Amino acid sequence: MRMLLRGAAALAAVVTVASLTSGAAAHPRTGRAAEAAGTVRASAAAQIPPGVTAGVAVYDREAGRFTEQVDDSAQFRSASVVKLLLALDFLWDRGPDYTIPAADRARLEPMLRGSDDDAADYYWSTYGGSAIIERMTDRTELGLRDTAPPPAGYPGFWGYTAVSARDTVAIYRYILEKAPAPVRDFIMDNLRRSTRCSATDHFDQHFGIAGAFDKPWAVKQGWSGRYAKGTCGAQAASSGTQTESAAPAPRAAAAVDLSRPALHSTGTVGANDRSIVAVLTLHPVGTSYGKAYTDIGRLTRSLNVPGAKRPAGTWFGTWGEFVNVRRGPATGGDRMTQLPAGVEVLVGCQVRGEVVNVPPYTNEWWAYLPQYGGYISNIYISSPDNRLPNVPECAA
């Protein structure tokens with residue numbers, strides 16, 4: 001198994017029990033100055049990991065009310081969540097049958113499913129850039145209150161569009177409840193087909209909603225900042241670093257934080273898209289993708305989301321970089337993808353397989369990850385025991 005491993009000292013530091021039952025969250029809420037100022041309603045359940053800044057909104061469409069609102073009017077840079085507005089702008093007033101030309105379908109589908117940046121660049125440059133956002137905020141049907149174009153000095157950077165959690169809910173409510181049926185069906189069908197691996201930069205984008213809940217769900221995710229290069233997919237790269245194409249270092253102060261790494265999970269959960277969920281997060285500078293992925297997962301799992309189905313299994317931390325997820329419990333099995341470094345994973349069961357040696361450790365147990373449909377060696381799970389506690393053995 002080809003993997004780049006941390007030294008023994010680092011291993012000793014991380015090999016501790018770090019499991020969470022499905023739906024649990026490990027950290028208390030952080031203080032919220034905005035709440036003290038009377039500008040936000042308290043959350044019933046949201047647990048925000050230390051160091052994370054979050055804007056959260058969960059809207060129950062069946063009951064017609066919010067179940068979670070934490071700093072829901074706070075502005076965040078949108079990253080790829082703005083692609084919802086790019087798609088809506090293009091589809092607006094397309095005619096009675098809303099026919100989508102083949103060339104545009106070939107761009108829009110990967111933009112919505114795999115968060116393709118090249119497609120977003122095309123629509124941003126072709127249809128007016130910031131004027132797209134101005135058109136969207138002018139449309140009373142959408143009811144956007146906190147959305148704004150990128151700040152002065154960044155006119156070409158669609159990822160710097162400002163959004164809030166409550167505006168994100170408003171966008172989904174428009175798509176589901178007001179948009180013409182062909183627009184609603186096209187956008188939501190593509191979001192339901194979200195691919196685990198992003199189309200452009202090979203990041204694993206099934207964090208937050210996609211990791212916290214079983215299907216049915218539909219998601220549009222976003223990330224922005226300097227993270228280690230994405231490793232998602234059988235042929236993903238295994239080294240180097242990457243900065244999102246639309247995320248240069250800020251040149252001047254802006255109302256929206258452009259410096260801290262962002263990770264956002266938005267979409268719908270449950271039958272008939274019952275709940276709309278928007279979780280927008282910022283993380284300390286230098287946070288790894290795996291750590292941010294884990295933190296937004298914990299936060300999302302803590303939320304009160306009506307209609308959601310929680311996946312069965314136990315959450316564990318992992319260690320090491322470029323840990324392979326294999327189709328079977330052996331190093332010769334087909335590689336399905338590689339985990340973000342240090343990410344927390346859901347373990348469904350475990351089985352004896354090929355013995356793996358990472359001196360001074362040896363382990364013959366492998367963990368089955370149901371959300372990936374594959375296995376990793378237990379040697380890379382943060383637990384002092386070779387056989388994970390309270391995890392059943394896989395059936396034959």
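In what follows, the structure referred to is the one given above.
What you see is a predicted model, and the numbers here were worked out from it, not measured in a lab. (Residues numbered from 1 in each chain as written. Predicted model: local features only at pLDDT ≥ 70, side-chain atom pairs only at ≥ 80, totals over all residues. Heavy atoms only, no water.)

**Digging into helix H5 (residues 117-126)**
Convention followed: Only protein chains enter the area calculation, which uses a 1.4 Å probe; residues under 20% of their type maximum are buried, those over 50% are exposed, and those in between are partly exposed. The way it works is that DSSP assigns letters per residue, a run of H or I at least four long becomes a helix, a run of E at least two long becomes a strand, and they are numbered from the N terminus. This arc is taken over the directions from the axis of the helix to the C-beta atoms. By definition in these notes, contact holds between two residues if any of their heavy atoms fall within 4.5 Å. Counting of polar contacts relies on pairs of N or O atoms within 3.5 Å, with two restrictions inside protein: one atom must be capable of donating a hydrogen and the other of accepting it, and residues adjacent in sequence are counted only when both atoms are side-chain atoms.
Buried residues of H5: Asp117, Ala119, Ala120, Tyr123 and Trp124, and no others. Looking down the long axis of H5, one finds its buried residues gathered within 155 degrees of arc, a one-sided arrangement. Looking at H5, the residues exposed on the side facing more than 90 degrees away from the buried face are Asp118 and Ser125. Where H5 is buried, its residues touch helix H3 (83-91), helix H4 (102-113) and helix H6 (130-138). Of the residues that open H5, the one with a side-chain oxygen 3.3 Å from the backbone nitrogen of Asp118 is Asp116. One or two residues past the end of H5 sits Gly128, with phi positive at roughly 110 degrees.

**Some points on the pattern of salt bridges**
Note the threshold: One speaks of a salt bridge when a side-chain nitrogen belonging to Lys or Arg is within 4 Å of a carboxyl oxygen belonging to Asp or Glu.
Taken as a whole and assessed by the stated rule, the structure comprises 20 salt bridges. The partner of Asp89 in a salt bridge is Arg135, with the nearest N and O atoms 2.8 Å apart. Within this pair, whereas Asp89 is found in helix H3, its partner Arg135 is found in helix H6, the two being separated by 46 residues in sequence. Judged by relative accessible area, which is 10%, Asp89 ranks as buried. Taking the relative accessible area as the measure of exposure, Arg135 reaches 30% and is therefore partly exposed. For Asp104, the salt bridge goes to Arg107, with nearest N and O atoms at 3.4 Å. You can see Asp104 and its partner Arg107 sitting in helix H4, three residues apart, about one turn around the helix. Relative accessible area serves as the criterion here: at 26%, Arg107 is assigned to the partly exposed category. Bridged by salt links that share partners, the residues Asp60, Glu62 and Arg274 form one connected network.

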